[in-house]
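# Reading the structure
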Amino acid sequence: MLKNASWIIVCRIIQSLLAFVVGLVTARYLGPANYGLINYAAAIVAFAAPIMKMGLDSILVNELVNNSEKEGEILGTAITINVISAFISFIGVCTFVQIATGNSKDTLIVCMLYGSSLFSQALEMIIYWYQAKLLSKYMSIVSVISYAIVSAYKIFLLANEKNIRWFAVSQALDYLIIAVTLLILYRKLGGQKLRFSFLTGTQMLSKSKYFIISSMMVSIFAQTDKIMLTAIMNEVETGLYSAAATCSGVASFVFAAILDSARPYIFERKKYEDGSYEDGMQSLYCIIFYLALFQSIFMTMFGGLIVAVLFGNAYSEAVSILEVITWTSIFSYFGAVRNIWLLAEQKQKLILPINISGAVANVILNALMIPKYGAMGAAIASLITQAFTNIL
């Protein structure tokens, strides 16, 4: 597991360094308003992504580990279902934005371009085969190469002073390069021929249905803040909030690498009764807690410097927001570990009421706090929601 995680961590460090440089220049170039618009589009698409994925992303690793002889059928079926749902989700995104923004042509176009990434994400379901096989080095290397290409594309846009619409395409480009490359490597590494099975699809959807609504609920309390900030306040408040959230998540690649590597290990250990499963869960909780605690303390102490370096003086108001929102990481990552345990224990039914309660709490808190406190209100609402959902 550690070897697998090391590949992910090293490659994501490289990605983070690229993101540090390119993100610094891009955010300054766009300014808080346009940066807020891009993040508004990202929030709308992130809200639609769980519908597109149909909860299959939550069960695919477990399905591949337990049914390796049918991996081609499982993957082919999952990708086919997701491509179809991506088309439906894209139509939904366009319709929602048109109704919500009225005659704002630029907002609609930016959201449409950003929303095209849903099709690329559908193909990217292939990454779960690499996770199940503990072949994350291939996935990590491809991700770094893809991110380097997308970073070069953004630098080109900056050098030629292109407008925000060109930046909205970069998300879809990133996912597409990764998906196509990993699909080609999949066959070269001995993966089975992809094929669709209606029966397999029905069986997987019967298991994943518990994650569809729960994932939507997660998106509500993860993205509602940006959507409501734009609707109630303006894009500038959304830009400041997004800058703080970006700083808070600057080390998220470390947590993602640990969780992605631990997931198949935990599922595999569950088959045995030698205590390794329980030890693995306990170790995972401890690692996540202490890393998240260190990150939150660090961000609280050096938030001003981090915001100034990453985003510049135009985003100085984001510092106080960062000092609040950084503490949500402890609770949100606890929830991610809990979900691994629930799936291993076949208790996925419990995820739905937990996430519904969190989504309802988040909407209510945002509605109460954003009108009075703006972006700071959204940060407080997010912190309370994460603590309520993942601890209480």
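The paragraphs below set out a description of the structure included in this document. (Residues numbered from 1 in each chain as written. Predicted model: local features only at pLDDT ≥ 70, side-chain atom pairs only at ≥ 80, totals over all residues. Heavy atoms only, no water.)

### Some thoughts on the packing of aromatic side chains
Filter applied, for reference: We call Phe, Tyr and Trp rings a pair once their centres come within 6.5 Å, taking the six-membered ring for Trp, and we label the pair stacked below 30 degrees between planes, edge-to-face above 60, and tilted otherwise. To qualify as a helix, a DSSP run of H or I must reach at least 4 residues; to qualify as a strand, a run of E must reach at least 2; elements of each kind are numbered from the N terminus. When accessible area is computed with a 1.4 Å probe and restricted to protein chains, residues below 20% of their type maximum are described as buried, those above 50% as exposed, and intermediate ones as partly exposed. By definition, being over a ring means that NZ of Lys or CZ of Arg is both within 6 Å of the ring centre and within 35 degrees of the ring normal.
Under the criterion given, the structure shown has 13 aromatic pairs. Consider the rings of Tyr35 and Tyr315, whose centres lie 6.0 Å apart with planes at 90°: the pair is edge-to-face. Taken as a pair, Tyr35 in helix H1 (residues 2–53) and Tyr315 in the loop between helix H13 (276–311) and helix H14 (318–325) lie far apart in primary sequence, 280 residues in all. In this pair, the class of Tyr35 matches that of Tyr315, namely buried. Geometrically, the ring pair formed by Phe289 and Phe334 is edge-to-face, given 6.0 Å between the ring centres and 65° between the ring planes. Residue Phe289 is located in helix H13, and its partner Phe334 is located in helix H15 (residues 328–344); the two are separated by 45 residues in the primary sequence. Through a chain of ring-to-ring contacts, three or more aromatic side chains come together here, namely Tyr285, Phe289, Tyr290 and Phe334. The cationic tip of Lys162 hangs over the ring face of Trp166; the distance from NZ or CZ to the ring centre is 4.9 Å.

### Observations regarding the nonpolar core
Here is the rule: The term nonpolar core refers to a set of buried residues drawn from Ala, Val, Leu, Ile, Met, Phe, Trp, Tyr and Cys, joined through side-chain atoms within 4.5 Å. We call two residues in contact whenever any of their non-hydrogen atoms come within 4.5 Å of each other.
In terms of nonpolar packing, the biggest core is built from 44 residues, with Leu60, Leu182, Leu284 and Ile288 touching the most fellow members. When residues of this core are assigned to their parent elements, the largest contribution, seven residues, is made by H15. Residue contacts for Leu60: discarding those within four places in its chain leaves Ile74, Leu75, Ala78, Met125, Tyr128 and Met204. Among the nonpolar cores identified, the runner-up in size contains 30 residues, and Leu37, Ala86, Ala122 and Leu158 belong to it.

### Concerning the side chain of Thr238
Mapped onto the elements, Thr238 comes out in helix H11 (residues 235–248). With residues near it in sequence (within four places) discarded, Thr238 still touches Gly36, Lys226, Leu229 and Thr230.

### Some details on the side chain of Asn366
Along the polypeptide, Asn366 turns up in helix H16 (residues 351–373). What makes Asn366 buried here is its relative accessible area of 0%. Contacts of Asn366, omitting those with residues within four sequence positions, involve Thr224, Asp225, Met228, Pro371, Ala378 and Ala381.

### A closer look at the packing of H13 against H14
Applied cut-off: Every axis corresponds to a line fitted to the C-alpha atoms, with the helix fit spanning only the stretch in contact, and the corresponding angles, defined between N-to-C directions, vary from 0 to 180 degrees. These descriptions rest on fixed angle ranges, namely under 35 degrees for roughly parallel, over 145 for roughly antiparallel, 65 to 115 for roughly perpendicular, and the rest for oblique. Crossing handedness is defined as follows: a turn of the near helix away from the far one that is anticlockwise and smaller than a right angle gives a left-handed crossing, while the clockwise case is right-handed. In the scheme used here, Gly and all other residues not listed as nonpolar or charged are polar, with Ala, Val, Leu, Ile, Met, Phe, Trp, Tyr, Cys and Pro taken as nonpolar and Asp, Glu, Lys and Arg as charged.
Packing of H13 against H14 brings their axes to within 9 Å, and their N-to-C directions diverge by 150°. Relative to H14, the element H13 lies roughly antiparallel. As for the relative orientation of H13 and H14, their crossing is right-handed in sense. Taking contact as the criterion, the partners of Met299, Thr300, Gly303, Gly304 and Val307 in H13 are, on H14, Ala318, Val319, Leu322 and Glu323. Counted by class, the contact of H13 with H14 contains five nonpolar, three polar and one charged residues.

### Quick word on unusual backbone geometry
Peptide bonds are mostly trans, and most non-glycine residues show a negative phi. Here Met54, not a glycine, exhibits a phi torsion of approximately 55°, which is positive. Mapped onto the secondary structure, Met54 falls in the loop between H1 and helix H2 (56–66). Residue classification places Met54 among the partly exposed residues on the basis of a relative accessible area of 22%. A positive phi angle, close to 60°, is found at Gln346, a residue other than glycine. Looking at the element boundaries, Gln346 is found in the loop between H15 and H16. Residue classification places Gln346 among the exposed positions, given a relative accessible area of 54%.

Treat this as a map of the structure, not an account of what it does.
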